[in-house]
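Coordinates in review
Read off the chains here:
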Amino acid sequence: MIFGLFRRNSQEETVARLHKAVVAQSRLPAFFLPPYGIADTFEGRFEILTLNAGLLLRRLSLLPEPGPELAQALSNAIFSLFDDALREIGISDVGVPKKMKKLAGAFMGRGNAYSNASTEGEEELARALARNVLGSGDGGPLAAYYMRAKASLDETPLETFLRGEAPFPQP
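Being a predicted model, the structure only gives us computed values, none of them experimental.

Once that is clear, we can look at helix H3 (residues 67-88). With 22 residues, H3 extends 31 Å between its outermost C-alpha atoms, agreeing within 8% with the 32 Å of an ideal straight helix rising 1.5 Å per residue. Inspection of H3 places Gly-67, Leu-70, Ala-71, Leu-74, Ser-75, Ile-78, Phe-79, Phe-82, Asp-83 and Leu-86 among the buried residues, and these make up the whole buried set. Tucked into the core, H3 has its buried residues touching helix H1 (10-26), helix H2 (42-62), helix H4 (96-120) and helix H7 (158-162).

Moving on to the nonpolar core. In terms of nonpolar packing, the biggest core is built from 48 residues, with Leu-56, Leu-60, Phe-82, Leu-129 and Leu-142 touching the most fellow members. Elements that contribute at least two residues to this core include exactly H1, H2, H3, H4, helix H5 (122-134), helix H6 (140-154) and H7. Per-element tally for this core: the top contributor is H2, with 9 residues. For Leu-56, the residues in contact, after removing those within four places along its chain, are Leu-18, Val-22, Leu-74, Leu-153, Phe-161, Ala-166 and Phe-168.

Another aspect to go through is the confidence of the model for the protein chain. In the predicted model, the protein chain carries a mean pLDDT of 91, and the fraction of residues at 70 or more is 95%. Low pLDDT, under 50, characterises residues 1-8; the stretch is placed with 2 contacts to residues that sit more than four places away or in other chains.

Glancing now at the packing of H2 against H6. Relative to each other, H2 and H6 sit at 30°, their axes nearing to 9 Å. Relative to H6, the element H2 lies roughly parallel. Two packed elements cross with a definite hand, and for H2 against H6 that hand is right-handed. From H2, Ile-48, Leu-51, Asn-52, Leu-55, Leu-56, Arg-58 and Arg-59 reach across to H6, where they touch Leu-142, Tyr-145, Tyr-146, Ala-149, Lys-150, Leu-153 and Asp-154. By residue class, the composition of the contact of H2 with H6 is 9 nonpolar, 1 polar and 4 charged.

This part covers the packing of aromatic side chains. Working definition: an aromatic ring pair is given by the centre-to-centre distance plus the angle between the planes. Considering all chains together, one arrives at 8 aromatic pairs under this definition. Centre to centre, the rings of Phe-31 and Tyr-36 are 5.5 Å apart; their planes meet at 50°, and the pair counts as tilted. Here Phe-31 and Tyr-36 have matching classes, each one buried. Judged by centre distance (5.2 Å) and plane angle (75°), the rings of Phe-79 and Phe-107 are edge-to-face. Highlighted residues: Phe-79 in helix H3 and Phe-107 in helix H4, separated in sequence by 28 residues. Since its relative accessible area comes to 5%, Phe-107 is described here as buried. In textbook terms, an aromatic cluster arises when at least three aromatic residues are bridged by ring pairs, as seen for Phe-46, Phe-79, Phe-82 and Phe-107. Directly above the ring of Phe-32 sits Arg-45, whose terminal nitrogen or CZ lies 5.0 Å from the centroid.

The rules we used
- Residues numbered from 1 in each chain as written.
- Predicted model: local features only at pLDDT ≥ 70, side-chain atom pairs only at ≥ 80, totals over all residues.
- Heavy atoms only, no water.
- Helix = DSSP H or I, 4+ residues; strand = E, 2+ residues; numbered from the N terminus.
- Expected span 1.5 Å × (residues − 1).
- Buried < 20%, exposed > 50% of the residue type's maximum accessible area, 1.4 Å probe, protein only.
- Contact = heavy atoms within 4.5 Å.
- Core = buried A, V, L, I, M, F, W, Y, C linked by side-chain atoms within 4.5 Å.
- pLDDT = per-residue confidence, 0-100.
- Axes fitted to C-alpha atoms, helices over the stretch in contact; angles between N-to-C directions.
- Parallel < 35°, antiparallel > 145°, perpendicular 65-115°, else oblique.
- Left-handed = near helix turned anticlockwise from the far one by under 90°.
- Nonpolar A, V, L, I, M, F, W, Y, C, P; charged D, E, K, R; others polar.
- Phe/Tyr/Trp six-rings, centres within 6.5 Å; stacked < 30°, edge-to-face > 60°.
- Lys NZ or Arg CZ within 6 Å of the ring centre and 35° of its normal.

In structure tokens:
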């Protein structure tokens, strides 16, 4: 009975695996090369992580319980990563909350913008991605990736996510 106290919560393990999957997908070198051409900077990495995490969080939140609960726990883990990253790049303890507020607004805003734009069509999505992720240029390849990833995640049953798996397609 006492050993149960030292076991990690299975939801924590699931969230850790999902978090790891989002981060691994977002760090794939292909995103930072043509045709995607995302800048390999803090901002560029934030943008691709926001895109991938937003897709997964959206899918989890639309599933029956415990999907929305997993979405919230995963969101918390992602923001913990942002907090750590800000501290690692030298943002002071006083400055972190202000930066976190900006990151949270950007994260939520972009997730909503991409989701809304994707319902209007791939062309509209490409414009939103070019504006937010690339600054300029052709958002078409990134929009095509977004639509493939969305379709892949939308076809994925809850049981797969409960195993900590997030089947993102290759970029």
